[in-house]
Amino acid sequence: MVEKRVKSEPAQNEVESKKAKWSKKTDVKKEIKKEFKQEFKGKKDFKKGDKKPFNKNKKDFKGKNETEEEKKERDAKAIKRERQRREDPNFDLRCELKKLWEKLRNAEKASEKEEFVNTIFDKIRNSEKANFLDFAYAHDTTRVLQSCLQHGTAAQRRVVYEEVKLKVAEMAQSKYARNMVLKLIKYGERDIKDYCIENMGNIRKLVRSSFGQSILEYAYNQFAQAGQRNGIVSTMYGKSYVKLSKMETNPTLITVIEKNPDFMETILKDFMDDLKALTEKEVMKQTVSHRAFLDFFNLCLYLLSSPKFAEKRKKIEEIREELIDDLKASVIHMIHTPDGAKAGLHCLWFGSAKDRKLILKTMKEFLEKVATSDAGYLLILGAMDSVDDTVLVRKQLILPLCKDIDKLISNPVARKIFWYILSPRDRKAFLPDQIKLLEVGDETTTSKKPRQVKHEEIQSSAVPLILEWVSENIDTILNNPMHLPILYAAFDHSDESQIIKDKENMLVTAQRALAKKFNTVYDESHMLHGKGVAMTLKKVLRLDKVREEFKFSKVFVEECTKLLP
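Each value, and the rule that gives it
- Residues numbered from 1 in each chain as written.
- Predicted model: local features only at pLDDT ≥ 70, side-chain atom pairs only at ≥ 80, totals over all residues.
- Heavy atoms only, no water.
- Helix = DSSP H or I, 4+ residues; strand = E, 2+ residues; numbered from the N terminus.
- Buried < 20%, exposed > 50% of the residue type's maximum accessible area, 1.4 Å probe, protein only.
- Contact = heavy atoms within 4.5 Å.
- Areas by Shrake-Rupley, 256 points an atom, 1.4 Å probe, with all protein chains shown as cover.
- Core = buried A, V, L, I, M, F, W, Y, C linked by side-chain atoms within 4.5 Å.
- Domains from an automatic or database assignment.
- Phe/Tyr/Trp six-rings, centres within 6.5 Å; stacked < 30°, edge-to-face > 60°.
- Lys NZ or Arg CZ within 6 Å of the ring centre and 35° of its normal.
- Patch = residues over 30% accessible without salt bridge, like charges linked within 9 Å, V, L, I, M, F, W, Y side chains within 5 Å.
- Salt bridge = Lys/Arg side-chain N within 4 Å of Asp/Glu carboxyl O.
- Lys, Arg positive; Asp, Glu negative; His and termini not counted.
- Charge placed at Lys NZ, Arg CZ, Asp CG, Glu CD.
- Arc of directions from axis to C-beta.

Draft legend 1. Focus on the overall build of the protein. For the protein, the helix and strand inventory stands at 34 helices and two strands. Per-residue burial for the protein yields a buried fraction of 44% across its 565 residues. Looking at the protein alone, contacts between residues at least 24 apart form 69% of all its contacts between residues at least 6 apart. Surface accessibility of the protein: about 32,700 Å² in total, with carbon and sulfur atoms responsible for 50%.

Have a look at this one:
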């Protein structure tokens, strides 16, 4: 124990000496800091070469290269601001307006927004070198005025409207000012909307303008009334019609031609020439151009059916064929609207075999979108009615659709296509207006094969595939009332030429699959209690009255006698 004490004493002394040295160093540091604080106390600015007190929480020292880069950037910004101030006398005012704009956008109360808008208006009015129009065309300040239209009161909106109303046509084709017209149409009162819609300028130029297209489309679809829509479209009827319509009180295409029969061919040709300029891809997506194409085709139908123009029938058909030849490649871009889909149907009905082939080829590339489109699916129905080459129709349309039946059958629009394949123009599935529209295609002279024969040839390849799908998806069909009509329409086919696939009778296979689903003990969970199932079963059994073979009642009895009373 003694030896250990002797050894530990020097070590302890050494530790104490180190602590003493360390305490002296810390005391020295504290004294130095006090001296610095006293020396620079009360000084805010330091001259070049002065030492600053040490602060470990602040980065006082930067690299030489970084400081130079920052200095260059700062100088460049200063030079740019100075140049903008020289070139633009309203530069300072613009900066003030943008600051107010930020406050206006972030304001929550209506009173605050109204106050900010009034402040913006006062600053613009008090400026000797600027007015509202100067700020409407700039990329930054136009947003300030747009916010004033959006967040301001009705009286404040009218202030902006009165300042810019004479330049609406010019603003509609401007890259930035067009948004002002959009806001006026969207937020303005009815008289402001009407003025902007009726004074957008030359529609034929606007429809081809990369900036004006959006304004025209928005105004036409969202806020234009029926008379205004007719006025917009009528400017695209050709120069001959525009001149002659000025002499009428309420002119329409038909009334102008009826009163000027000698100018019929001129009006029709000028109309076609104007429409040819609209067949560009970007223009073809617009609703306005779709309506113009449909009006042209409807006019052709009227003239061809009128005895007054019987002598010019051949010339009218030639003009229509000329437009279809230019339009056929663009049909796919216009079928997303009702008017565009109807115009596309005219191209299918009255185009040549070559035209139809090209339209079907473009449709195949976007078949799913066409089949599920609210208006575009009509083109598929029209193709089944009018295209003589049923082999091409089956290859391009029917077989790809049947291949994706699992995905498409759940879509209410695409489901109508399968219904049409099984039962064309069934009034249970299609509205009278839709059937009446499809009947227009029956008047075509470019299709030689009878419609009934075309449908039978299509059904010979499609019905077996649909019956096969029915037999494999009985549960899905019985649990979804919307699928039951497809089941009934499929069972309504008993001709062997339409129900055989690889030597297998698909009708009998589907009948047996359906009957087996009812072969269970009858209780509350039985299939017959499903919505619409009992009614559909009755309809399917009634089909046996006109059949000599493949009767469902026989299969039903064979499968269900044991368990179903």
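Having put the structure on the table, let's press on.
Draft legend 2. A look at the nonpolar core. The biggest cluster of nonpolar side chains holds 155 residues, and the ones touching the most others in it are Phe 296, Ile 380, Met 384, Phe 418 and Phe 491. For this core, the leading source of residues is helix α18 (residues 287-305), giving ten residues. Of the domains in this structure, domain 1 (80-222) and domain 2 (451-564) are the two that each give at least three residues to this core. For Phe 491, the contacting residues outside a window of four places in its chain are Leu 467, Val 470, Leu 507, Ala 510, Gln 511, Leu 514, Val 540, Leu 543, Arg 547 and Phe 552.

Draft legend 3. Highlighting the packing of aromatic side chains. All chains considered together, the criterion is met by twelve aromatic pairs. For the ring pair Phe 121 and Phe 132, a centre distance of 5.4 Å and an interplane angle of 70° mean the geometry is edge-to-face. Of this pair, Phe 121 sits in helix α4 (residues 110-126) while Phe 132 sits in helix α5 (residues 132-136), placing them eleven residues apart in sequence. Each member of the pair, Phe 121 as well as Phe 132, carries the same accessibility label: buried. Ring pairs connect the aromatic residues Tyr 237, Tyr 241, Phe 271, Phe 296 and Phe 297, which therefore count as one cluster. The lysine or arginine in question, Lys 165, covers the ring of Tyr 195, its NZ or CZ lying 5.1 Å from the ring centre.

Draft legend 4. Local environment of the side chain of Gln 286. The residue Gln 286 is located in the loop between α17 (281-284) and α18 in this model. Gln 286 sits in the buried class, given a relative accessible area of 4%. With residues up to four places along the chain from it excluded, the contact list for Gln 286 reads Val 207, Gln 213, Leu 216 and Glu 217.

Draft legend 5. Main features of a positive patch on the surface. On the surface, Lys 428, Lys 538, Lys 539, Arg 542 and Lys 545 cluster together to form a positively charged patch. Considering the arrangement of structural elements, one finds Lys 538 in helix α33 (residues 533-542). Taking the relative accessible area as the measure of exposure, Lys 538 reaches 48% and is therefore partly exposed.

Draft legend 6. Up close: the environment of Leu 408. Looking at the secondary structure, you find Leu 408 in helix α25 (residues 405-408). For the pair Leu 408 and Thr 372, spaced 36 residues apart in the sequence, the C-alpha separation amounts to 7.7 Å.

Draft legend 7. Representation of the pattern of salt bridges. The final tally for this structure, using the stated rule, is 29 salt bridges. As a salt-bridge pair, Glu 248 and Lys 259 come within 2.8 Å of each other at their nearest N and O atoms. Of the two residues, Glu 248 sits in the loop between α14 (239-245) and α15 (253-259) while Lys 259 sits in helix α15, which places them eleven residues apart along the sequence. Across the pair Glu 558 and Arg 512 runs a salt bridge whose closest N-O atoms are separated by 3.7 Å.

Draft legend 8. Representation of α33. Among all positions of α33, only Val 533, Thr 536, Leu 537 and Val 540 are buried. Each buried residue of α33 sits inside an arc of 100° when the element is viewed along its axis, so together they form one side. In this fold, the buried residues of α33 make contact with α29 (474-478), α30 (484-491), α32 (506-518) and α34 (552-560).

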